[in-house]
Amino acid sequence: MKRNTLPLELLLIALIFVASNINSVLRQKQNTYNGGTAWEGAYYVLAQEFASHQPLVADAPYVYRLATPWLVALISPHDLFRGFHLVNIAGSAVASVLLLFWLRGYLSDWRVLVLLVTLFLIQWDAPPRLLYHSPVHADAWLFAFVIADLLLLRRYLVRPSAGCIAGLCVLAAVGAYFREATLFVPLCVLAADRPIVKEGGRWKFRLPPWRLYLPFACGFLAFLSIRLVAHQTNDYSFVQTVYRFLYDKPVLTYIHAWFLAFGPVLFIILFDWRNAVEFLAEEQWLALLLATGAGFGFLGGTDTERLQYWSMPGVYLLLGLAMERHWRILAWWPVTALFAAGQICTSRILWTTPDYPTHFQHTFPVLQQFGSNVQFLDLFSYFGYRPKETLSLAQFIVFGAIVLWLMWHRERRLGLRDTSQALAA
């Protein structure tokens, strides 16, 4: 009989969550740019307007993300920074627990489960750590709603029901008030019934049944309703943003951002690419989720890494499946040591996030920028000093070549490649 490890997993994740928060409280200083609101001061303005019962007027697209500022004003109307801390800590905690339950639907090894949630908790620009440097943001509850949507979608995949569709509709509508990007999961619901099938040796596309359109429709209507009460003060246009980055974002910058967002563990998925492709062909909703996340990263804005990281639940699922399949290879100490060192450097768990602006010199990267006293903009593929970003990307490529060779070498030594080829035959 298999031992129930859920209490252990929850306990370990709670301890890591608390330890990460204590580490950030003691070491991480809040940024000072724009009075501590950084580039997302519109959320602070909205919270002020909610607290003082004023009309909701701010820059777009932030002005259409009302729920987080409303909660902040409700909880702490006289100290909005405190309110943003509390709301985003709660959102990060909820997202972490939901992420565990989401991954448990597909993975069984408690070590892999805890490790994957830990990757979320230690990533420097993911909500659990970002909030201590830049508390004024709306990312934490975005992850909570994305993962909650995925949990309900998985339930629908196992046992389709009107109740699941209704739940997805409610989550889509409420999530839209937190951030419109939550709608990319209701969009993926359209692929729940595998619209692309192979019949008679030819691929065919089937229109999704009408009920699968309902969650996205409800979420989109909720987003449109926000425009009745919130009014933008700038000339922001989503279409113009997409058009701009189609031409303005270099392809190498975009590729580099994937490694900065997720770290060298992406090479584990690359090592397992055949199984990943087979899994995505069967689970087409997940393929659409990853494709949408990839599109956000390229077209959504300058913070490419943060946008690509929205697809984290899907990426971590593929990563977890690959880790369970190749655990004997990954447990070999040279491979373990390399991935641990690479992930520590990329997630910057040992270092704090610098303020902006600062007069620090450009430093030599070790995958990601090394140390705490670095230029803030050098942490990003789009804004960073180009020679440094190119060097960082080259390091990732060399790292990948080395670790993939080690994994293939270990696979041959263990006789696993011959076994897998025999099973395929």
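Numbers given for residues are sequential positions, taken from 1 along each chain in its written order. Selection of residues for local features in this predicted model requires a pLDDT of at least 70, selection of side-chain atom pairs for listing and counting requires 80 or more, and totals for whole chains, interfaces and linings are taken over all residues. Side-chain descriptors were evaluated using all non-hydrogen atoms of the structure, hydrogens and water having been removed beforehand.

Participant: Describe in detail the overall build of the protein chain, supporting the description with residues and values.
Facilitator: Check the secondary structure of the protein chain and you find 21 helices and six strands. Taking the principal axes of the C-alpha coordinates as reference, the protein chain spans close to 70 × 55 × 50 Å. Any two residues whose heavy atoms approach within 4.5 Å at even a single point are treated as in contact. Contacts in the protein chain between residues far apart in sequence, at least 24 positions, make up 72% of those at least 6 positions apart. Split by element, the accessible area of the protein chain, about 19,500 Å² in all, is 66% carbon and sulfur. Where helices and strands are cited, they refer to DSSP runs of H or I of at least four residues and of E of at least two residues respectively, numbered from the N terminus. Note on areas: Shrake-Rupley with a 1.4 Å probe; residue coverage comes only from the protein chains shown.

Participant: How would you sum up unusual backbone geometry? Please name residues and give values.
Facilitator: Put simply, alanine 60 and proline 61 share a cis peptide bond, and its omega is 5 degrees. Mapped onto the fold, proline 61 is located in the loop between β1 (56-58) and α3 (67-75). Cis rather than trans, the peptide bond between tyrosine 356 and proline 357 has omega equal to -10 degrees. Assignment of secondary structure puts proline 357 in the loop between α19 (333-347) and β5 (365-366). For arginine 348, which is not a glycine, the phi torsion comes out positive at approximately 60 degrees. With respect to the helices, strands and loops of the structure, arginine 348 is situated in the loop between α19 and β5. The buried label goes to any residue with under 20% of its type's maximum accessible area, the exposed label to any with over 50%, and the partly exposed label to all in between, with areas taken from a 1.4 Å probe on protein chains only. Given the relative accessible area of 0%, arginine 348 is considered buried. A positive phi is found at leucine 367, a non-glycine position, where the angle reads about 65 degrees. You can see leucine 367 is positioned in the loop between β5 and β6 (368-369).

Participant: Pulling in residues and values, what's your account of the confidence of the model for the protein chain?
Facilitator: On a scale of 0 to 100, pLDDT captures the predictor's confidence in every residue. Counting all residues, the mean pLDDT for the protein chain is 93, and 97% of those residues have values of 70 or more. Looking over the protein chain, one finds the lowest element-wise mean pLDDT in helix α21 (residues 416-424), namely 52, and the highest in α3, namely 98. Every residue in residues 421-425 is under pLDDT 50, and counting partners more than four places away or in other chains gives zero contacts.

Participant: Let's hear about the environment of phenylalanine 370: which residues, and what values?
Facilitator: With respect to the helices and strands, the residue phenylalanine 370 is situated in the loop between β6 and α20 (386-414). As a C-alpha pair, phenylalanine 370 and cysteine 345 span 25 residues in sequence and 7.1 Å in three-dimensional space. Those residues in contact with phenylalanine 370, other than ones at most four positions away along the chain, are Arg348, Trp351, Thr363, Phe364 and Pro365.

Participant: Explain the packing of helix α4 (residues 80-104) against helix α7 (residues 139-158) to me, and be specific about the residues and the numbers.
Facilitator: Taken N-terminus to C-terminus, the directions of α4 and α7 make an angle of 25 degrees; their axes are 8 Å apart at the nearest point. Classified by the angle between their axes, α4 and α7 sit roughly parallel to one another. Considering the relative orientation of α4 and α7, their crossing is left-handed. Residues Val87, Asn88, Ala90, Gly91, Ser92, Val94, Ala95, Leu98, Leu99, Phe101 and Trp102 of α4 touch α7, and the partners they reach there are Ala140, Trp141, Phe143, Ala144, Ile147, Ala148, Leu150, Leu151 and Arg154. Comment: axis = line fitted to C-alpha atoms, over the contacting stretch for helices; angle = value between 0 and 180 degrees taken between N-to-C directions. Roughly parallel here means an angle under 35 degrees, roughly antiparallel means over 145, roughly perpendicular means 65 to 115, and every remaining angle is called oblique. Here a crossing is called left-handed whenever its near helix is offset anticlockwise from the far helix by less than a right angle, and right-handed whenever the offset is clockwise.

Participant: Got a sec to walk through the packing of aromatic side chains? Specific residues and values, please.
Facilitator: Any Phe, Tyr or Trp ring, taking Trp's six-membered ring, that has another such ring centre within 6.5 Å forms a pair; planes under 30 degrees apart are called stacked, those over 60 apart edge-to-face, and the others tilted. Inspection of every chain in the model, using the stated rule, returns 36 aromatic pairs. Taken together, a centroid distance of 5.2 Å and an interplanar angle of 75 degrees make the contact between phenylalanine 296 and tryptophan 310 edge-to-face. Pair noted here: phenylalanine 296 is in helix α15 (residues 284-299) and tryptophan 310 is in the loop between α16 (304-308) and α17 (312-325), with a separation of 14 residues, a long-range link. The exposure class assigned to tryptophan 310 is buried, which follows from its relative accessible area of 5%. What links up through ring pairs into an aromatic cluster is the set Tyr33, Trp39, Trp124, Phe245, Tyr356, Phe376, Phe380, Tyr382 and Phe383. Criterion for a charge above a ring: Lys NZ or Arg CZ within 6 Å of the ring centre, and within 35 degrees of the ring normal. Just above the ring of tyrosine 64 sits the side chain of arginine 227; from NZ or CZ to the centre is 4.4 Å.

Participant: Describe in detail helix α8 (residues 162-178), supporting the description with residues and values.
Facilitator: Its 17 residues give α8 an end-to-end C-alpha distance of 25 Å, which sits within 8% of 24 Å, the value for a rise of 1.5 Å per residue. Taken together, the buried residues of α8 touch α3, α7, α9 (184-188) and α10 (214-226). Each residue after the first adds 1.5 Å to the expected span of a helix.

Participant: Tell me what's going on with the pattern of salt bridges, and back it up with residues and numbers.
Facilitator: By salt bridge we mean one thing: a side-chain nitrogen of Lys or Arg within 4 Å of a carboxyl oxygen of Asp or Glu. Scanning the model with the defined rule gives twelve salt bridges in all. A salt bridge links aspartate 303 to arginine 306; its shortest N-O distance comes to 3.5 Å. Judged by its relative accessible area of 25%, aspartate 303 is partly exposed. What makes arginine 306 buried here is its relative accessible area of 14%. Here aspartate 378 ties to lysine 388 by a salt bridge, and the two come within 3.2 Å at their closest N and O atoms. Here lysine 388 lies in helix α20 and aspartate 378 lies in the loop between β6 and α20, a separation of ten residues in the sequence.

Participant: Give me the side chain of arginine 154: which residues, what numbers.
Facilitator: With respect to the helices and strands, arginine 154 occurs in helix α7. Salt bridges are absent for the buried arginine 154, whose nearest opposite-charge side chain, glutamate 283, sits at 9.9 Å. Contacts described as polar in this section are N or O atom pairs within 3.5 Å, which, within protein, must combine one atom able to donate a hydrogen with one able to accept it, while residues neighboring in sequence count only if both atoms come from side chains. Engagement of the side chain of arginine 154 in a polar contact is seen with the backbone oxygen of phenylalanine 101, the distance being 3.2 Å. His is not counted, nor are the chain ends; Lys and Arg add positive charge and Asp and Glu add negative charge.

Participant: So, the environment of glutamine 375: which residues are in play, and what are the values?
Facilitator: Relative to the helices and strands, glutamine 375 is located in the loop between β6 and α20. Between the C-alpha atoms of glutamine 375 and threonine 353, which are 22 residues apart in sequence, the distance is 9.4 Å. Among all residues touching glutamine 375, those that are not within four sequence positions of it are Pro354, Thr358, His359, Phe360, Gln361 and His362. At a separation of 2.5 Å, a polar atom in the side chain of glutamine 375 contacts the main-chain carbonyl oxygen of phenylalanine 360.

Participant: Explain the pairing of strand β3 (residues 202-205) to me, using residue names and the numbers behind them.
Facilitator: Here four bridges tie strand β2 (residues 196-199) to β3, and the two strands are oriented antiparallel to one another. The residue bridging lysine 198 from the neighbouring strand is tryptophan 203, located in β3. At least two bridges found by DSSP between two strands are what make those strands a pair.

Participant: Tell me about a nonpolar patch on the surface, and name the residues and values.
Facilitator: Residues enter patches when their relative accessible area tops 30% and they take part in no salt bridge; the joining distance is 9 Å for like charges and 5 Å for the nonpolar side chains Val, Leu, Ile, Met, Phe, Trp and Tyr. Taken together, Ile196, Trp203, Phe205, Leu207, Trp210, Tyr213 and Leu214 make up a surface patch of nonpolar side chains, about 850 Å² in accessible area. Within the element layout of this structure, leucine 207 appears in the loop between β3 and α10. With relative accessibility at 68%, the residue leucine 207 sits in the exposed group.

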